[in-house]
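# Geometric and topological summary
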Amino acid sequence: MADVVELEAAGRKVRLSSPGKVFFPERGFTKRDLAEYYIAVGPGILRALRNRPTTLERYPDGVTGESFFQKRAPKNMPDWIPTAHITFPSGRSADEMCPTEVAAVVWAAQYGTLTFHPWPVRRDDVDRPDELRIDLDPQPGTDYGDAVRAAHELREVLHDYGDLRGFPKTSGGRGLHVFVPIEPRWTFTQVRRAAIAVGRELERRMPEQVTTAWWKEERGEKIFVDYNQTARDRTIASAYSVRPRPHAPVSAPLTWDEVPDAVPRDFDLATMPARFAQLGDVHADMDEHAYSLEALLELASRDEHDHGLGDLPYPPEYPKMPGEPKRVQPSRARNKKENGPTAP
């Protein structure tokens, strides 16, 4: 096979070096297979990424090699790919790529990008999310079927608090993601607060199946609602992204009717193009909606006023946030209380 080929992506040619390089040894998928996959589902992944600051999860030597997350726009990025200036929780900032055409996705695939991690904002307003993202994460002892049961109750919660419509997709593993398009009126802190309110309401309705406990030792065999995926600089793999697992699964958008019977492993780099050719992007109308978070924020206020349920811990790399409880693992806090402080 030639060392270099040119692929056409929606009218723009993209150079692909070493197209025969194997990226997924278990399946034999090559760099060219990856690039052609993204061309095949181009309108879908572009809908998920368009104008969003995007972190690249890169595997230059394929899924069995070393990997890294690239947040800053690569220095060799073509000038036809725009960027947005974003600020991290640390106060540092960077310019991230913002795909506006399918060729940008293929260009990133040339450099070993398997998974795209878009921020829930657009480049014209990088501080106000336009998506509420709910991550239903199965814990040990649970599986996709448990996530499905939680997702159906989550659908009711969203309906009850603002008549919100969620768009479900597989995570590419055992979990489910549900995205709600929202008006870009609220800050990251407020959107995270709404996600916590959703999680707590779901936990009340399914106390034996769902948890919002941040510390793994407290979760048990339940579905964890990962509210911190809505914090600034925390991202979720986009729809249609290939995930870095040996069988090359993808994060597959679903209709609600498909959710119960879907088998996540069935959606992969080989099967998704045929599905896309037949059905198109089943979330194509997502950008036509923009819902209000007012009802969820009112729920959050009632939780705090009536039940004393305030904020929850942030991820460990975040600076201490106003109103956040102590960020201490419960077992460590108990040991310290029982045994007293350790000697210096």
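Going by the structure above, here's the rest.
Figured I'd write up the structure that's included with this text.

Reading the values: rules and limits
- Residues numbered from 1 in each chain as written.
- Predicted model: local features only at pLDDT ≥ 70, side-chain atom pairs only at ≥ 80, totals over all residues.
- Heavy atoms only, no water.
- Phe/Tyr/Trp six-rings, centres within 6.5 Å; stacked < 30°, edge-to-face > 60°.
- Buried < 20%, exposed > 50% of the residue type's maximum accessible area, 1.4 Å probe, protein only.
- Pairing = 2+ DSSP bridges.
- Helix = DSSP H or I, 4+ residues; strand = E, 2+ residues; numbered from the N terminus.
- Contact = heavy atoms within 4.5 Å.
- Axes fitted to C-alpha atoms, helices over the stretch in contact; angles between N-to-C directions.

Scanning the model with the defined rule gives 9 aromatic pairs in all. An angle of 55° between the planes, with centres 5.0 Å apart, marks the rings of Trp-107 and Tyr-111 as tilted. Here Tyr-111 falls in the partly exposed class, since its relative accessible area comes to 29%. With a centroid separation of 5.5 Å and an interplanar angle of 35°, the aromatic rings of Tyr-314 and Tyr-318 are classed as tilted.

Ordered by their spatial adjacency, 5 strands build an open sheet running β11-β12-β10-β14-β13, and the pairing between neighbours is mixed. Each of the sheet's edge strands pairs with one partner strand only, and the pair in question is β11 (167–170) and β13 (210–211). Direction of pairing for β13 relative to strand β14 (residues 223–225): parallel, over a ladder of 2 bridges. Note that in β14 the partner of Thr-211 across the bridge is Phe-224. Most of the contacts of helix α4 (residues 144–160) go to strand β12 (residues 176–181), to which it runs at about 20°, and overall it touches β10 (131–138), β12, β13 and β14. In the packing of helix α5 (residues 188–205) onto the sheet, the strands contacted are β10, β13 and β14, and the crossing angle to β10 comes to about 40°.

Moving on: the environment of Ala-213. For Ala-213, the location among the structural elements is in the loop between β13 and β14. Its relative accessible area of 15% is what places Ala-213 among the buried residues. When the C-alpha atoms of Ala-213 and Phe-188 are compared, they prove to be 20 Å apart, with 25 residues separating the residues in sequence. Beyond its immediate chain neighbours, meaning those up to four positions away, Ala-213 contacts Glu-218, Arg-219 and Phe-224.

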